[in-house]
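Here's the letter readout for the chains.
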Amino acid sequence: MSKIFICADIEGTANIQNPLELRKSEPLYHGYFAEQMTREISAACRGAREAGAEMILIKDSHGAGDNLLPDQLPEDTELIRGWGLHPYHMMFGIEADFDGVFLTGCHSAGGTDSSPLAHTNNSKNCWVKINGEIAGEAYINSLTAAYVGVPTLLITGDAGICKFMKEKIPGVEMVITTTYAGNASRSRHPRTVDEEIRRAAKRALSISKGQCYPKMPKTFQAEISFCNHLRARGASFYPGARLKESHIVTFTHQDWYEVLRFFFFVLSDNLV
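Summarised in this report is the structure supplied together with it. Fair warning: this is a prediction, and the values are worked out from it, not measured in the lab.

1. Regarding the overall build of the protein chain
Here is step 1 of the chain: Broken down by element type, the protein chain carries 6 helices and 12 strands.
Here is step 2 of the chain: The C-alpha radius of gyration of the protein chain comes to 18 Å, within 12% of the 19 Å expected for a compact globule of 272 residues.
Here is step 3 of the chain: Projected onto its principal axes, the C-alpha coordinates of the protein chain cover approximately 50 × 45 × 35 Å.
Here is step 4 of the chain: A burial count over the protein chain gives 54% of its 272 residues as buried.

If you want it as structure tokens, here you go:
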């Protein structure tokens, strides 16, 4: 049985320009982009089904994990809402028996200038690095998939993160939803993007999976640059972590799961 896991974010959804459009507590929020996020996920599901996928599990991985409209998703899918309070974080629910991962609605990493919505996990850090290179959520999530032996077959999102991920995973199918210049966004019509996602998802299940894994380093050196130096000081007391500079805490380990555990307690906002 072919099984697909979809990690769904929203900032890389077509036509998004302002982060305030995504926050339910803001006056600019009107729900349109939750609907478009749902349409893009649904398109990916249809393409996967057409290619033979028999089981699709979706993780709503933005904000409180309550963005997707369940009754507008294909009826033959399963949905995880909220947070599992697990180091896999956005990838909660992934297991070794999945045949592939789709990363949808992805956005550029914090510390890059390819999107006005660029961030990694939250706005309390300036950037996250792995082995000296800025690493966004999509890359972290693809490493988590590879850790359990599952390839990343499709990525959709802004031009900056798609370019980065194509360099890391040469075989991955990608759909660029939005291109940014400064604070301006440029996108194709949403229905055009939906159709491109459907086609890419269908192709993704037939590509060579050997080219769909990021390289797993033997050792991971994770660094977080916090906006507030007090958060860095507090994070430095995590076992094995150290304060590199006033705003930067670092953690090194050979086991990716231990790095995820470090991120979960030091970087995440989803602890109870």
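There is more to say after this.
2. Some thoughts on the sheet that holds strand 2 (residues 55-60)
Here is step 1 of the chain: Reading across the sheet, the 7 strands line up as 3-2-1-4-7-8-9 and stay open at both edges, with mixed pairing between neighbours. Looking at which strands have only one partner, the edges of the open sheet turn out to be strand 3 (77-80) and strand 9 (184-187). Looking at each pair of strands side by side, their axes are set apart by 20° on average, direction ignored.
Here is step 2 of the chain: Where strand 8 (residues 173-181) lies against strand 9, 4 bridges are found, and the strand directions are antiparallel.

3. Details of the packing of aromatic side chains
Here is step 1 of the chain: If you walk through the whole model with that rule in mind, you get 12 aromatic pairs.
Here is step 2 of the chain: Measuring from centroid to centroid gives 5.8 Å for F262 and F263, while their planes differ by 40°, and the two rings are tilted.
Here is step 3 of the chain: Judged by relative accessible area, which is 7%, F263 ranks as buried.
Here is step 4 of the chain: Ring geometry for F264 and F265: centres 5.0 Å apart, planes at 80°, overall edge-to-face.
Here is step 5 of the chain: Since its relative accessible area comes to 8%, F264 is described here as buried.
Here is step 6 of the chain: Each residue in the set F220, Y238, F251, W256, F262, F263, F264 and F265 is aromatic and connected to the rest through ring pairs, giving one cluster.
Here is step 7 of the chain: Just above the ring of W127 sits the side chain of K129; from NZ or CZ to the centre is 4.4 Å.
Here is step 8 of the chain: If you follow K168 out to its NZ or CZ, it ends over the ring of Y139, 5.3 Å from the centre.

4. As for the sheet that holds strand 11 (residues 242-245)
Here is step 1 of the chain: Ordered by their spatial adjacency, 5 strands build an open sheet running 6-5-10-12-11, and the pairing between neighbours is antiparallel. Looking at strand neighbours, the two that pair on one side only are strand 6 (133-134) and strand 11, the edges of this open sheet.

5. Some points on the side chain of T77
Here is step 1 of the chain: By the element assignment, T77 lies in strand 3.
Here is step 2 of the chain: Among the residues examined, T77 registers a relative accessible area of 16% and is labelled buried.
Here is step 3 of the chain: Looking at T77, its side chain comes within polar contact range of the main-chain oxygen of P74, at 2.7 Å.
Here is step 4 of the chain: Contact partners of T77, with chain neighbours within four places excluded, come to C45, I56 and I58.

6. A word on the pairing of strand 12 (residues 248-253)
Here is step 1 of the chain: Two elements, strand 10 (residues 220-226) and strand 12, share 6 bridges in a ladder whose sense is antiparallel. Within strand 12, the position partnered with Q221 by the bridge is T252.
Here is step 2 of the chain: The sheet contact formed by strand 11 and strand 12 spans 3 bridges and is antiparallel. Paired with L243 across the two strands is V249, which belongs to strand 12.
Here is step 3 of the chain: Where strand 11 folds back onto strand 12 in an antiparallel hairpin, the turn is made up of 2 residues.

7. Observations regarding helix 6 (residues 256-266)
Here is step 1 of the chain: The buried count for helix 6 comes to 9 of 11 residues, which makes it a mostly enclosed element.
Here is step 2 of the chain: When helix 6 is considered as a whole, its buried residues turn out to be W256, Y257, E258, V259, L260, F262, F263, F264 and V266.
Here is step 3 of the chain: In this structure, the buried side of helix 6 is in contact with strand 5 (125-130), helix 2 (137-147), strand 10, helix 5 (229-235) and strand 12.
Here is step 4 of the chain: Near the N-terminus of helix 6, the side chain that reaches the backbone nitrogen of Y257, with its oxygen 2.9 Å away, is that of D255.

8. Overview of the packing of helix 1 (residues 32-50) against helix 4 (residues 190-204)
Here is step 1 of the chain: Where helix 1 meets helix 4, the closest approach of the two axes is 7 Å, and the angle between their N-to-C directions is 30°. Taken together, helix 1 and helix 4 sit at an angle that is classed as roughly parallel. Judged by the sense of rotation from one axis to the other, the crossing of helix 1 with helix 4 is right-handed. Contacts between helix 1 and helix 4 pair Y32, Q36, R39, E40, A43, A44, R46, G47, A48 and E50 from the former with P190, R191, V193, D194, I197, R198, A201 and K202 from the latter.

9. So, unusual backbone geometry
Here is step 1 of the chain: Positioned with a positive phi, L85 is a non-glycine residue whose angle comes to about 50°.
Here is step 2 of the chain: Looking at where L85 falls in the secondary structure, it is placed in the loop between strand 3 and strand 4 (100-106).
Here is step 3 of the chain: Positive phi values are uncommon outside glycine, yet N131 reaches one of about 55°.
Here is step 4 of the chain: Residue position: N131 is located in the loop between strand 5 and strand 6.

Definitions and cut-offs
- Residues numbered from 1 in each chain as written.
- Predicted model: local features only at pLDDT ≥ 70, side-chain atom pairs only at ≥ 80, totals over all residues.
- Heavy atoms only, no water.
- Helix = DSSP H or I, 4+ residues; strand = E, 2+ residues; numbered from the N terminus.
- Rg over C-alpha atoms; globule rule 2.2 N^0.38 Å.
- Buried < 20%, exposed > 50% of the residue type's maximum accessible area, 1.4 Å probe, protein only.
- Pairing = 2+ DSSP bridges.
- Axes fitted to C-alpha atoms, helices over the stretch in contact; angles between N-to-C directions.
- Phe/Tyr/Trp six-rings, centres within 6.5 Å; stacked < 30°, edge-to-face > 60°.
- Lys NZ or Arg CZ within 6 Å of the ring centre and 35° of its normal.
- Polar contact = N/O pair within 3.5 Å; in protein donor to acceptor, adjacent residues only side chain to side chain.
- Contact = heavy atoms within 4.5 Å.
- Parallel < 35°, antiparallel > 145°, perpendicular 65-115°, else oblique.
- Left-handed = near helix turned anticlockwise from the far one by under 90°.

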